[in-house]
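# Report on the structure
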Amino acid sequence: MGHIVWFEHYTSADRGLVGGKNASLGELTCAGLPVPPGFAVTAAAYSQARDAAGLTGRLAALVAAADPDRAESVAEAGRLARDLVASMPLPGHLDTEVRRAYALLCDRCSARDVPVAVRSSATCEDQPDASFAGEHDSYLWVRGAGDVLSYLRQCWASLFTDRAICYRRQMGYPETGLAMSVVVQKMVQPRAAGVAFTLNPRDGDRSQVAIDASWGFGEAVVGGEVNPDSFLVDKVIGEVSLRIVSHKDVEYRLTGAGRVESAPVDRARQDIPSLTDEEIKAVAALARRAEKHYGCPQDVEWAVEAGPDGAGGPAAGAPGADACTVLLLQSRPETVWSRKPPRRAATAGGSYMDSIVSTLVAPLHAKRASDNH
């Protein structure tokens, strides 16, 4: 059995092999949403590489010996475990599979050594009460098969970050069967990026889409390093109902050395909107497509990719200066307000508009919770 699952070939039978993040990307791709192309390296690849290197028992012993009440004990165990995984050799057939898949992705993108994101997609993230956000590693703008293989191992090694070890111990998750799938996906070089919720996260209002946006790659928004622009879009009339333009002094962008790094925003863009109204509406429409597919409110990561004349550089900063495409980078269920009963926006005998809002708040055709993600 192979260890590569292309997003467009994903089926529900693959979910246990690829982890939640890859499963979402595969499902959204198959649903026709604009997801950058890529593939999953299955969790079985990690298990085989670990076993072939004779590390199974050593890793288990290191984690078992770590005392979660002593930070230095966890740190030492984690460091040793990560070093072992990051340096372990890959079986020849697995090395060949990953190299071939990356070469095919380069061909599909008509680019030599196409830049990719290499992201963790741990199977333990699929536990119903799990919250592993930020505990496993991701790497941006990786180029060349050799580097893809190196960062693949780094993602595997992030199973043993100090936070991940302590969290699994705290939640009582067993170390046996622990595995990691990895995303390899064509990089987007965005002019602006951010997150969107298909409800208002301040009050749970499901008739609105809430968008946070800033310049460059979305890491500044997701990591809380910048105070983003905030927008609300009304689902009924499709108009922008609220705009808050913030002072934005930091962005992540591609450097001349081929690395994605934090950098100051040039003065001309610090206090202007990072999105035009047309782009705000396009992001909202994309988020609603994801919500319609899954049948429940979504937490979406997105990016506006600049056209070829404006790709990447600060000169491309003015909104609408170049042709742009809105791309979906990730979608997951919103987990705070979605657990509460939806508020009814209309009662019997209400107005026609009330009935429209009511349907938006409590969709008639929502999927069962067991069907989601």
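Residues numbered from 1 in each chain as written. Predicted model: local features only at pLDDT ≥ 70, side-chain atom pairs only at ≥ 80, totals over all residues. Heavy atoms only, no water.

### Details of unusual backbone geometry
For residues besides glycine, phi is generally negative; the peptide bonds are generally trans as well. Even without being a glycine, Ser 110 presents a positive backbone phi close to 55°. Turning to its location among the elements, Ser 110 is positioned in the loop between helix H5 (92-108) and strand E3 (116-122). Under the relative-accessibility criterion, Ser 110 is labelled exposed at 71%. With a phi angle near 50°, Asp 113 is a residue other than glycine that sits in the positive phi range. Note on placement: Asp 113 falls in the loop between H5 and E3. With relative accessibility at 34%, the residue Asp 113 sits in the partly exposed group. (Helix = DSSP H or I, 4+ residues; strand = E, 2+ residues; numbered from the N terminus. Buried < 20%, exposed > 50% of the residue type's maximum accessible area, 1.4 Å probe, protein only.)

### Some points on the side chain of Gln 298
On the secondary structure map, Gln 298 appears in strand E12 (residues 298-306). Residue class for Gln 298 comes out buried when judged on its relative accessible area of 0%. At 3.3 Å, the side chain of Gln 298 and the backbone oxygen of Cys 296 are in polar contact. Within the structure, Gln 298 has its side chain in polar contact with the side chain of Ser 331 (distance 2.6 Å). (Polar contact = N/O pair within 3.5 Å; in protein donor to acceptor, adjacent residues only side chain to side chain.)

### Section: helix H6 (residues 145-157)
Look at H6: 19 Å from first C-alpha to last across 13 residues, which is about the 18 Å you get at 1.5 Å a residue. Looking at H6, one finds that the buried residues are Ala 145, Val 148, Leu 149, Leu 152, Arg 153, Cys 155, Trp 156 and Ala 157. (Expected span 1.5 Å × (residues − 1).)

### Topic: the pattern of salt bridges
Counting across every chain of the model gives 18 salt bridges. Here Glu 251 and Arg 269 are joined by a salt bridge, their closest N and O atoms 2.6 Å apart. In this pair, Glu 251 is assigned in strand E10 (residues 250-254) and Arg 269 in the loop between strand E11 (260-264) and helix H9 (277-294), connecting sequence segments 18 residues apart. Under the relative-accessibility criterion, Glu 251 is labelled buried at 3%. Relative accessible area serves as the criterion here: at 6%, Arg 269 is assigned to the buried category. (Salt bridge = Lys/Arg side-chain N within 4 Å of Asp/Glu carboxyl O.)

### A closer look at the packing of aromatic side chains
The geometry of an aromatic ring pair is captured by two quantities: the separation of the ring centres and the angle between the planes. This model, assessed by the stated rule, comprises three aromatic pairs. Sitting over the ring of Trp 215, Arg 269 keeps its end group 5.1 Å from the ring centre. (Phe/Tyr/Trp six-rings, centres within 6.5 Å; stacked < 30°, edge-to-face > 60°. Lys NZ or Arg CZ within 6 Å of the ring centre and 35° of its normal.)

### Quick word on the sheet that holds E3
Reading across from one edge, E1-E2-E5-E3-E4 is the order of the five strands in this open sheet, with antiparallel pairing throughout. Each edge of the open sheet is held by one strand with a lone partner, namely strand E1 (4-6) and strand E4 (138-142). Across this sheet, the average inter-strand angle for adjacent strands is 20°, counted without regard to direction. Pairing between E3 and E4: three bridges, direction antiparallel. Residue pairing in the sheet places Val 118 in a bridge with Tyr 139 of E4. (Pairing = 2+ DSSP bridges. Axes fitted to C-alpha atoms, helices over the stretch in contact; angles between N-to-C directions.)

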